[in-house]
Amino acid sequence: MRLQGKIALVTGGARGIGLAIAKAFVAEGAIPVIADINEQGAGQALDELGASDGLALAVNVAEAASVHGMVQAIVDRYGRVDILVNNAGIGGNTPFLDITPEEWNRTISINLTGAFFVAQACAREMVKHRSGKIINIASLSGQRGGHGRAAYGAAKAGLELLTKVMAVELAESCINVNNIAPGAIETEMAKFAHDQATRAAYNYLIPMTRYGTPEEIADAAVFLSSDESRYIHGHTLNVDGGFRAAGLMFRGDKAAPSS
Ligand code: NAP
């Protein structure tokens, strides 16, 4: 029960990685706030968690007014927010030459500006209590130049830098800020975005030869939300089966994907 009684906001918590994080938080005693653009999904997720003391809220993280309404609803109900997981995001695999201004702006507005709106609104509450944990969900695509990842990768790279600045500025208010950078994780987003060839390439390039699970990201989120991580600050924790660490991948038993 490492998070007993903590008010834990997970954006994009209706499904996928966010839902797995909310479940792990509840198992550690936290009170979950699931906020998602899919309001019905957020409500169903809360029911699934069986957390009658929790809250399900509608939010569009890309709209400042919507974000402020969400944080106000949390403060009205609980008086504070202890943990924020900035998880809401959209995928994208359009080649650099084909990205339209609309797709670029949409990706940046949800994956980067949205995370900024939510973090700022929550941090303004956390400073009043001189306590808080913020975890931004970045991506390995923000660290490596993946094909089709121009807008998505740029947003996630920006989020990593934003995390460092937040860590520097919020340390004096005892707010702990870190990133988790997932590699390829088996979620609806990945099923939609990764075709057969992409999956084969990932399975080859990941030393552990498999996609990760949402629960493996959730375990990292529990650690970074707990007191055990109190001196880890401004850090990016890659949870990627070794994808970032790998160089030459020569395995006699495994051919490189031909497609
Ligand atoms: P997911 O299954 O698509 O879940 C994302 C959730 O966020 C959905 O419920 C989605 O609602 C919601 N959402 C989308 N836009 C929103 C908005 N503007 N405001 C509020 N909520 C919004 O995705 P996931 O795979 O769990 O990914 C979660 C996070 O991990 C994302 O930030 C993603 O970039 C990151 N990540 C994922 C992977 C991976 O391999 N899966 C790898 C690296 C990083 P709708 O379903 O209605 O759109």
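Preceding this section is the structure that the text describes.
Residues numbered from 1 in each chain as written. Predicted model: local features only at pLDDT ≥ 70, side-chain atom pairs only at ≥ 80, totals over all residues. Heavy atoms only, no water.

### Looking at the overall build of the protein chain
Then, in step 1: Helix and strand counts for the protein chain stand at eight helices and seven strands.
Then, in step 2: Taking 18 Å as the expected radius of gyration for a compact globule of 259 residues, we find that the protein chain reaches 18 Å, a close match to that expectation.
Then, in step 3: Here the C-alpha coordinates of the protein chain stretch approximately 55 × 40 × 35 Å along the principal axes.
Then, in step 4: Sorting the 259 residues of the protein chain into buried and exposed places 51% on the buried side.
Then, in step 5: For the protein chain, restricting intrachain contacts to residue pairs at least 6 apart in sequence, the fraction spanning at least 24 positions comes to 72%.
Then, in step 6: Total accessible area computed for the protein chain in this model is approximately 12,200 Å², and 55% of it derives from carbon and sulfur atoms.
Then, in step 7: For the protein chain, the separation between the mean place of its 22 positive charges and that of its 26 negative charges on side chains is 5 Å. (Helix = DSSP H or I, 4+ residues; strand = E, 2+ residues; numbered from the N terminus. Rg over C-alpha atoms; globule rule 2.2 N^0.38 Å. Buried < 20%, exposed > 50% of the residue type's maximum accessible area, 1.4 Å probe, protein only. Contact = heavy atoms within 4.5 Å. Areas by Shrake-Rupley, 256 points an atom, 1.4 Å probe, with all protein chains shown as cover. Lys, Arg positive; Asp, Glu negative; His and termini not counted. Charge placed at Lys NZ, Arg CZ, Asp CG, Glu CD.)

### Concerning the packing of helix α3 (residues 64-78) against helix α4 (residues 101-129)
Two measures define how a pair of helices packs: the angle their axes make with one another and the distance between the axes.
Then, in step 1: Running from N to C, α3 and α4 point in directions that differ by 35°, and their axes come no closer than 9 Å. The crossing of α3 and α4 is right-handed. Taken together, the residues of α4 that come into contact with α3 (itself represented by Ala 64, Val 67, His 68, Met 70, Val 71 and Val 75) are Phe 117, Val 118, Ala 121, Cys 122, Arg 124 and Glu 125.
Then, in step 2: For the contact of α3 with α4, the per-class residue count stands at nine nonpolar, one polar and two charged. (Axes fitted to C-alpha atoms, helices over the stretch in contact; angles between N-to-C directions. Left-handed = near helix turned anticlockwise from the far one by under 90°. Nonpolar A, V, L, I, M, F, W, Y, C, P; charged D, E, K, R; others polar.)

### With respect to the pattern of salt bridges
Then, in step 1: In the structure shown here, the tally under the stated rule is nine salt bridges.
Then, in step 2: Residues Glu 228 and Arg 2 are paired through a salt bridge, measuring 3.1 Å at the closest nitrogen-oxygen approach. Residue Glu 228 is located in the loop between α8 (214-225) and β7 (236-239), and its partner Arg 2 is located in the segment before β1 (7-11); the two are separated by 226 residues in the primary sequence.
Then, in step 3: Each of Arg 2, Glu 28 and Glu 228 takes part in one network of salt bridges that share partners. (Salt bridge = Lys/Arg side-chain N within 4 Å of Asp/Glu carboxyl O.)

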